[in-house]
Amino acid sequence: MQTDEQLKQIVKEKYAEIATQSTADNKASCCGAGGCSTEVYNIMSDDYTTMEGYNADADLGLGCGLPTQYAQIKQGDTVVDLGSGAGNDCFVARAHTGEKGKVIGIDFTPAMIQKARMNADALGFNNVEFREGDIEHMPLGGNTADVVVSNCVLNLVPNKDGVIKEIFRVLKPGGHFSISDVVLVGQLPDALRKDAEMYAGCVSGAIQKEVYLELIRLNQFENIIVQKEKPIIIPNDILKNYLTETEIAAFNNGGAGIFSVTVYAEKPKGITVTENPEIKNNTSSTCCTPGGGCC
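A quick note: this is a predicted structure, and the numbers were derived from the prediction, not measured.

Draft legend 1. Focus on the overall build of the chain. Assigned secondary structure in the chain consists of 11 helices and 7 strands. In the chain, the share of contacts with a sequence separation of at least 24, taken over all contacts with a separation of at least 6, comes to 78%. Looking at the chain as shown, the accessible area adds up to about 12200 Å², and 48% of this sits on carbon and sulfur atoms.

Dropping the structure here:
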């Protein structure tokens, strides 16, 4: 089993590669996991093209939802996008915040930060910025954001509890998040769960839906709502790279499922957190396993 740091390095290397690929190549992949199925064009992402603020150069086709559509962003808000990539969700968020608002994208891949900054410069936006850093330790002060968004990123992070703690810290009292992510219902086959390429491809890093929602509850968020949920069907010509024919049949006929969910939650009013919390529990991939629960 890879360590947390090894998994993070796998993701960083894969997304550095994605940053240098063409948009067409990325959209023809499955959440960055290499060549996509002959049965579908893209198994993860929703269509952004009709949304205000959409920028084709910033759309790498790697998301699993439309969190900005559900994020209730208002004029003048400060919005933070976790795992901001080439900046697409930031530019859509900026269409809602207007010139008086501010949008901050955070990504740990230098090539993505460079690409996003180039896109922002080309658009002439002076209230959209991109910061390099881990979303488990955000380069951002506490009580800063009105809204946090993220699209298909937390499932790539081994320490999901740490990220949720950081979201709580950077949100203003009464602020909220809307996050699209990949979750599981039932158990993934071991070959899918353990494979490094599939980890970078957004599937095997996912945890159980109930565990995901419980982590949010345990970190003091309230008014938790699943705003959207859809099944993610992995075609057989992708599954055959990881499973035997017998295993594919068992997986397709079993009770396990992979879902994209968009989850909303609020930080209670009157609570402020200014320092990066010391994370003592649920920090390792052995404690919070991709296919199971958290201790």
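Draft legend 2. Structural view of helix H5 (residues 110-123). Between its terminal C-alpha atoms H5 stretches 20 Å, which fits the 20 Å expected from 14 residues at 1.5 Å a residue. Of the residues making up H5, those classed as buried are Met-112, Ile-113, Ala-116, Asn-119 and Ala-120. The buried residues of H5 occupy an angular sector of 130° when projected down its axis, which confines them to one face. Those residues of H5 that are exposed and angled more than 90 degrees off the buried face are Gln-114, Met-118, Asp-121 and Ala-122. Where H5 ends, the next residue or the one after it, Gly-124, has phi of about 75°, a positive value.

Draft legend 3. Fine view of the pattern of salt bridges. Taken as a whole and judged by the stated rule, the model has 8 salt bridges. Note that Glu-129 and Lys-102 form a salt bridge whose closest N and O atoms lie 3.1 Å from each other. In this pair, Glu-129 is assigned in strand E3 (residues 128-132) and Lys-102 in strand E2 (residues 102-107), connecting sequence segments 27 residues apart. Using a relative accessible area of 27% as the deciding quantity, one classes Glu-129 as partly exposed. A relative accessible area of 33% places Lys-102 in the partly exposed class. A salt bridge links Arg-169 to Glu-166, with the shortest nitrogen-to-oxygen separation between them at 2.6 Å.

Draft legend 4. Molecular detail of the packing of aromatic side chains. Evaluation of the coordinates by the stated rule reveals 4 aromatic pairs. An aromatic cluster of at least three residues, connected via ring pairs, comprises Phe-91, Phe-125 and Phe-130.

Draft legend 5. Just the sheet that holds strand E4 (residues 145-151), in detail. Strand order in this open sheet of 7 strands is E3-E2-E1-E4-E5-E7-E6, and the pairing throughout is mixed. Strands with a single pairing partner mark the edges of an open sheet, and in this sheet they are E3 and strand E6 (222-231). Neighbouring strand axes in the sheet, compared pairwise and without regard to direction, differ in orientation by 20° on average. The sheet contact formed by strand E1 (residues 78-82) and E4 spans 4 bridges and is parallel. Bridging across to E4, Asp-81 finds its partner in Val-149.

Draft legend 6. Representation of unusual backbone geometry in the model. With a phi close to 55°, Asn-143 is a non-glycine residue in the positive phi region. On the secondary structure map, Asn-143 appears in the loop between E3 and E4. Here the phi dihedral of Gln-220 falls at roughly 80°; this positive angle occurs in a residue that is not glycine. With respect to the helices, strands and loops of the structure, Gln-220 is situated in the loop between helix H9 (209-218) and E6. We classify Gln-220 as partly exposed; its relative accessible area is 48%.

Draft legend 7. Representation of the environment of Lys-12 in the model. Topologically, Lys-12 is positioned in helix H1 (residues 4-20). Distance from Lys-12 to Asp-107, taken between C-alpha atoms, is 9.7 Å for residues 95 residues apart in sequence.

Draft legend 8. Here's a closer look at the nonpolar core. Among the nonpolar cores identified, the biggest contains 32 residues, and Leu-82, Val-148, Ile-167, Phe-177, Ile-216 and Phe-221 are the most heavily contacted of them. Put simply, the parts of the chain that give this core at least two residues each are E1, E2, E4, helix H6 (160-170), strand E5 (171-185), H9 and strand E7 (257-266). Leave out the neighbours within four places in its chain, and Ile-216 touches Ile-164, Phe-177, Phe-221, Ile-224, Val-263 and Ala-265. By size, the runner-up hydrophobic cluster in this structure holds 25 residues, among which are Ile-18, Ile-73, Cys-90 and Val-147.

Draft legend 9. Layout of H9. Turning to H9, its buried residues are Val-211, Tyr-212, Leu-213, Leu-215 and Ile-216. Structurally, H9 contributes buried residues whose contacts are with H6, E5, E6 and E7. Positive backbone phi, at 80°, marks Gln-220, one or two positions downstream of H9.

Cut-offs applied
- Residues numbered from 1 in each chain as written.
- Predicted model: local features only at pLDDT ≥ 70, side-chain atom pairs only at ≥ 80, totals over all residues.
- Heavy atoms only, no water.
- Helix = DSSP H or I, 4+ residues; strand = E, 2+ residues; numbered from the N terminus.
- Contact = heavy atoms within 4.5 Å.
- Areas by Shrake-Rupley, 256 points an atom, 1.4 Å probe, with all protein chains shown as cover.
- Expected span 1.5 Å × (residues − 1).
- Buried < 20%, exposed > 50% of the residue type's maximum accessible area, 1.4 Å probe, protein only.
- Arc of directions from axis to C-beta.
- Salt bridge = Lys/Arg side-chain N within 4 Å of Asp/Glu carboxyl O.
- Phe/Tyr/Trp six-rings, centres within 6.5 Å; stacked < 30°, edge-to-face > 60°.
- Pairing = 2+ DSSP bridges.
- Axes fitted to C-alpha atoms, helices over the stretch in contact; angles between N-to-C directions.
- Core = buried A, V, L, I, M, F, W, Y, C linked by side-chain atoms within 4.5 Å.

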